[in-house]
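# Report on the structure
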Amino acid sequence: MLRKTLLAIIFVLAAATAGAQSQQNQQDRKGTIRGTVVDAVTGQPLVGTTIVIEGTTSGTVADAEGGFVISNITSGRVTVTARYLGYEVFRRSVDVAAGGEITLRVPLHSEGISLENIVVVAQIDNESENAVLSGQREALAAIQSVGAAEMSRKGIGDAQAAVAQVSGVSRQEGVKNVFVRGLGDRYNATRLNGFPLPSEDPEYKNIALEFFGSDVIQSIGVSKAFGATNGGDVAGAVIDIRSKELIGARALSLSVDGGINTEAAGAASFLRDGVSYLGHSNPDQPTAGRFDFPNRLDPTTVRFPLNHSYGVSGGRRWLLGEKQQNPLSFFVVGSHTTDYSFTGEEVRKGTADGENITQDQRGEKSSIGINQLVLGNARLRLDRRHEVEYNFMMVHDNDQYVGQYEGYYYEVNQGTDNGGAFVRRQQSNDNLLLVHQLSTRFELSDRWAVDLGAAYNTIAGLEPDRRENYLSLLDDGRYVLSGGNRQKRFFSRLDERDLNLRASVSFLLRPGLDMERSNVTLGYRGRVLDDGFRATEYNIGATSGFFDTADLRLDGVYNDANFAAGLFPMERSKENRYDVTKRIHSAYMEATHQLTERLAGSVGVQVDMVDMTVDYDVDSRLPGTERIDRPYLLPSFNLRYDIAEEHSLRLGLSRSYTLPQSKEIAPYQYINIGFASEGNPDLKPSDNYNADLKWDWYPSGSELVSVGVFYKRIADPIGRVDIGGSAGLLSYDNIAPRADVAGVELEMRKNLLNTTTIRRNMRRLSVGLNASWIHSALEFTAENTAPRRTGLEGASPWLVNGDVSYNWSSGGRAFNLSVVAGWFSDRVHTLGTRGYRDTVEEGVVSLSAVSSYRFGDRFTVRLSAGNLLDPAHRLTRAFVTRPGALTLGEYRNGVDLSVGVSFDLW
């Protein structure tokens, strides 16, 4: 019996094995069809398209990238059918080989509408991830781009956070703008719609990217390889922001956000007098012979520092002409933001060996940032061959703070044994930037195209009524007002006028190719810029009496009545000024051609005539004039080789230059807490030689793996230096005959989960990573300083940024959750001279999280938590004669928590 049972089991197992083997053999004889479904005109993926094999039950739906895979298809000739609402049915017969795989591109055409004299005008959504990556993929020179759709999916709130997602990019704390490959503000260039864009703050060359929220951005391109069309004054990157255009026929949206900073919410914050709710300051100075300042000395207390913002955006599109084929659209975005912050700070200064500390104070700084942004776009297309576009932008930004510091300060109080001092500094920077851009492009024929444009920008940068009060601590523990010009009020204004012109003509070399793939372009760019800076200081004498620094009140002492009674003197300094004129005229030629099916290249040459003059009359030295007048010959070469359909290799070689900023040349001395800075009239421009090699792999429409290497040689690099001495005086210099910068960059965007059902329910889990290793080296030389090897200011050897995003949508509902982290290693903040070591900014780790939920098609709720780890930011300088380092400054920013809602009316 047992024997029969065993035989039966063996027979069954053998039959099952044979059946399985037969089934496996049948599967091995089957094939696979994979592909992508896109709009035939715009190239956008059509999510949820139904794809089936006719006459079978095999089928699927396209995912978020339009991709699909159908497996286990019986070998032989089959017909693939794709259907999507509003599009013509797609059918194609293909031969499936046993064990083989076929890749299809499925372009769907909109269904024809038989209306006489009506032409359907296609519109491309340039904000989508696929469109942005497609543009990056097709570009000849290496470029890294972030679009509005990706910013929304990852919870990226503004352009600065978006650019930080690009490999090799970091931000230095306390500095508004980014570092690219270790190169700071002076080495980079910011553009809006292809036009140079000045900074809203006279202290910087580039505008603060944080102004550009995701609601005003179409896409951001970061170009680290340069051609003749990029401009010459750049070495790190050209950051080009494309402003949002209307998508669809109309739009109207409202948003409101509110939140707190954990440090500000738990502290007694102060508000400087003389600034309105909208951030407008009173810049009026006192009448001659009187003390009638319009602003009070005593700040007020903020009872509930609630961060808040609100905005509105909307637009409309019309179709003009007899055939309604000329679309006219406009889009406008307006917003207001108020942000409070509070930091507990430590400020120190000392000698090189750290034995003699000249300042050791702890304090509190209450800050408020208020800004408004208005951005408008109007666009008209005529007969598909002519386009006219006007862009307007207004940025008003007011950054104000009240800082109070207490502790040892030898420079202020040398008359007592304790050396104690109390410092109150109240400052407001009120800046207004207006931008007007007009451009047109038209095709003269199938082979000729012309591009014309002009932009006019104005800046008014005010620092109205900065107030500084110093008190000295007596040995008996009471405070008195310090003498020696330690009670001050300060006014400054910078006005800038910036005119930009451009004109180019392009000729198609090979008929049948796109203009972008085969052309010769001749062009001109011109920039005419004028700056005028004026500053006045009022030095006020000390009055008698004792003061309580816990509740310091000075308006009862310093007022017009007491001044008229002769209780204190006031002296108005001479007006400090500098004027800058900059004229740059550029002529360029660039030839681009698709050399073979896989190889494309461009070669260009640019000639820049640069004339920059700085005329100054300041307290620190005799009046003078400095001029930079020289031509630049700037060749460039870019090559792209498509190894396969998804793999590309790019090489870029170029020469460029870097001009000093106005403030870096003008020898005007600016006093701050813990340091002072002044320009150097002997600064020379830098010459830059750039080489880039980059490999890109695009596994899908939203995925990317990229590895790049680069090298730069910078002749006469410019850097910030500590001139030496315990006073903390900073300046700028050509810090070496040359600097070498090299590095490796890695970028990855990968979908771990990406599914779309036939009902268009979507789930996606994605990760992003970018990492950089940057090596910078130079032989630092300065007056009274032994030569030494060091690195460039702001160049972190290691940079790592990563994000994890989960996205779900079903019907009109959608949920997004993103966690973003970053880390940079220690980097040089300021180069030390005359026996002082370099000042170093210590590396920190950052972590933020953002989530949103959309209820239907109109209502969205957002939650965000920024700076979750709240790391300490430190500036340190190593001792010369002993181990250890002096902490020059330290503070924490606090955690930012916010909740917001938005409502789409249209």
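Residues numbered from 1 in each chain as written. Predicted model: local features only at pLDDT ≥ 70, side-chain atom pairs only at ≥ 80, totals over all residues. Heavy atoms only, no water.

### Considering the overall build of the protein
When helices and strands are tallied, the protein shows seven helices and 49 strands. The C-alpha atoms of the protein give a radius of gyration of 32 Å, which matches the 29 Å a tight globule of 906 residues would have. Principal axes of the C-alpha set define a box for the protein whose edges measure 115 × 85 × 55 Å. Going through the 906 residues of the protein one by one, you find that 52% of them count as buried. When contacts within the protein are restricted to residue pairs at least 6 apart in sequence, long-range pairs at least 24 apart make up 70% of them. (Helix = DSSP H or I, 4+ residues; strand = E, 2+ residues; numbered from the N terminus. Rg over C-alpha atoms; globule rule 2.2 N^0.38 Å. Buried < 20%, exposed > 50% of the residue type's maximum accessible area, 1.4 Å probe, protein only. Contact = heavy atoms within 4.5 Å.)

### So, the sheet that holds strand S8 (residues 143-147)
Pairing in this open sheet of five strands is mixed, and the strands run S8-S13-S14-S11-S12 from one edge to the other. Edge strands, defined here as strands with exactly one partner in the open sheet, are S8 and strand S12 (195-196). Alignment of strand S11 (residues 189-192) against S12, held across two bridges, turns out to be antiparallel. Bridge assignment links Leu-192 to a residue of S12, and that residue is Phe-195. (Pairing = 2+ DSSP bridges.)

### Concerning empty space enclosed by the protein
Enumeration over the complete set of coordinates arrives at seven cavities of 30 Å³ or more. Looking at the largest cavity, its volume works out to about 130 Å³. If you trace the largest cavity, you find 18 residues lining it, with Ala-142, Gln-144, Arg-181, Lys-694 and Glu-745 closest to the centre. Those elements that provide at least two residues to the lining of the largest cavity are S8, strand S34 (686-697), strand S35 (704-715) and strand S38 (738-756). Sorting elements by how many residues they give to the lining of the largest cavity places S35 first, with four residues. (1 Å grid on protein atoms, 1.4 Å probe; cavity = no way out; pocket = protein on both sides within 12 Å on 5 of 7 lines; lining within 4 Å. Points joined across faces, edges and corners; volume = space filled by probe spheres on them.)

### So, the nonpolar core
Soluble globular proteins: nonpolar side chains tend toward being buried together. In terms of nonpolar packing, the biggest core is built from 38 residues, with Tyr-578, Val-614, Tyr-668, Ile-714, Ile-735, Leu-778 and Leu-792 touching the most fellow members. In contact with Leu-778, not counting residues within four places along its chain, are Ile-735, Ala-736, Arg-738, Ala-739, Arg-788, Arg-789, Thr-790, Gly-791 and Leu-792. By size, the runner-up hydrophobic cluster in this structure holds 35 residues, among which are Leu-209, Ala-237, Ala-251 and Val-435. (Core = buried A, V, L, I, M, F, W, Y, C linked by side-chain atoms within 4.5 Å.)

### A closer look at the packing of aromatic side chains
Tallied over the entire structure, the rule returns 17 aromatic pairs. Judged by centre distance (4.9 Å) and plane angle (75°), the rings of Phe-291 and Phe-293 are edge-to-face. Judged on exposure class, the residue Phe-291 and its partner Phe-293 are both buried. On the numbers, 5.9 Å between centres and 40° between planes, the contact of Phe-855 with Phe-859 is tilted. Owing to a relative accessible area of 44%, Phe-855 belongs among the partly exposed residues under this scheme. (Phe/Tyr/Trp six-rings, centres within 6.5 Å; stacked < 30°, edge-to-face > 60°.)

### Some thoughts on the environment of Arg-713
Following the sequence through the fold, Arg-713 ends up in strand S35. Classification of Arg-713 by relative accessible area gives partly exposed; the value is 31%. It is 29 Å that separates the C-alpha atoms of Arg-713 and His-593, two residues lying 120 residues apart in sequence. Residues within four places of Arg-713 in sequence aside, it is in contact with Asp-687, Asn-688, Tyr-689, Arg-738, Ala-739 and Asp-740. Here Tyr-711 takes part through its side chain, which lies 3.2 Å from a polar atom of the side chain of Arg-713. (Polar contact = N/O pair within 3.5 Å; in protein donor to acceptor, adjacent residues only side chain to side chain.)

### Details of the pairing of strand S42 (residues 813-824)
Strand direction decides the pairing type here: strand S41 (residues 798-810) and S42, joined by 12 bridges, are antiparallel. Note that in S42 the partner of Asn-807 across the bridge is Asn-816. Once S41 ends, the chain turns through two residues before running back antiparallel as S42, passing Gly-811 with a positive phi of about 65°. Of the pairings in the sheet, the one linking S42 to strand S45 (residues 845-855) comprises 10 bridges and is antiparallel in character. Within S45, the residue paired with Ser-818 across the bridge is Val-850.

### Observations regarding the sheet that holds strand S4 (residues 67-74)
The strand order across the open sheet formed by three strands is S4-S1-S7, and the pairing between neighbours is mixed. In this open sheet, the two strands that pair with only one neighbour each are S4 and strand S7 (101-108). Mean inter-strand twist for the sheet, computed between neighbouring axes without regard to direction, equals 25°. In terms of strand pairing, strand S1 (residues 30-39) meets S7 through eight bridges, oriented parallel. Opposite Asp-39, over in S7, you have Leu-108 as the bridge partner. (Axes fitted to C-alpha atoms, helices over the stretch in contact; angles between N-to-C directions.)

### Digging into the pattern of salt bridges
Two side chains that carry opposite charge are able to pair once their charged atoms sit near each other. Taken as a whole and assessed by the stated rule, the structure comprises 59 salt bridges. Between Arg-789 and Glu-779 there is a salt bridge, with its nearest N and O atoms 3.9 Å apart. Taken as a pair, Arg-789 in strand S40 (residues 785-790) and Glu-779 in strand S39 (residues 762-782) lie far apart in primary sequence, 10 residues in all. Overlapping salt bridges bring together Arg-534, Glu-575, Arg-577, Asp-579 and Asp-615 as one network. (Salt bridge = Lys/Arg side-chain N within 4 Å of Asp/Glu carboxyl O.)

### Considering the side chain of His-396
Summarising the element assignment, His-396 is placed in strand S21 (residues 386-409). In this structure the side chain of His-396 is engaged in a polar contact, spanning 2.7 Å, whose partner is the side chain of Gln-372. One polar contact links His-396 to Asp-430, side chain to side chain, over a distance of 2.7 Å.

### Considering the environment of Ser-341
Positionally, Ser-341 belongs in strand S19 (residues 326-350). Note: C-alpha distance between Ser-341 and Asn-893 (552 residues apart in sequence) is 7.2 Å. Non-local contacts of Ser-341, meaning those with residues more than four positions away in its chain, are made with Asn-261, Ala-264, Lys-365, Ser-366 and Ser-367.

### What to know about unusual backbone geometry
The residue Asp-465 is not glycine, and still its phi comes out positive at about 60°. The residue Asp-465 is located in strand S23 (residues 448-473) in this model.

### Topic: the confidence of the model for the protein
Residues with a pLDDT of 70 or more make up 92% of the protein, whose mean pLDDT is 86. Within the protein, helix H1 (residues 2-28) has the poorest average pLDDT of any element, 44, and helix H6 (residues 560-564) the best, 96. Of the regions scoring below 50 in pLDDT, residues 1-28 engages in two contacts with residues more than four places distant in sequence or in other chains. Across residues 112-123 the pLDDT falls below 50, and counting only partners more than four positions away or on other chains, this stretch makes 26 contacts in the model. (pLDDT = per-residue confidence, 0-100.)

### A word on the pairing of strand S22 (residues 420-443)
In this structure, S21 lies alongside S22, joined through 23 bridges in antiparallel fashion. Within the sheet, the bridge partner assigned to Tyr-405 lies in S22 and is Val-423. Relative to S23, S22 runs antiparallel, the two sharing 20 bridges. Across the sheet, Leu-438 pairs through a bridge with Ala-454, a residue of S23. Here S22 hands over to S23 after four residues, the two strands then running antiparallel side by side.

### Let's talk about the environment of Arg-290
For Arg-290, the location among the structural elements is in the loop between strand S16 (269-271) and strand S17 (300-302). Along the sequence, Arg-290 and Ser-367 sit 77 residues apart, while their C-alpha atoms lie 30 Å from each other. With sequence-adjacent residues up to four places away left out, Arg-290 is seen in contact with Asp-560, Phe-563 and Met-570. There is a polar contact of 2.5 Å between the side chain of Arg-290 and the side chain of Asp-560.

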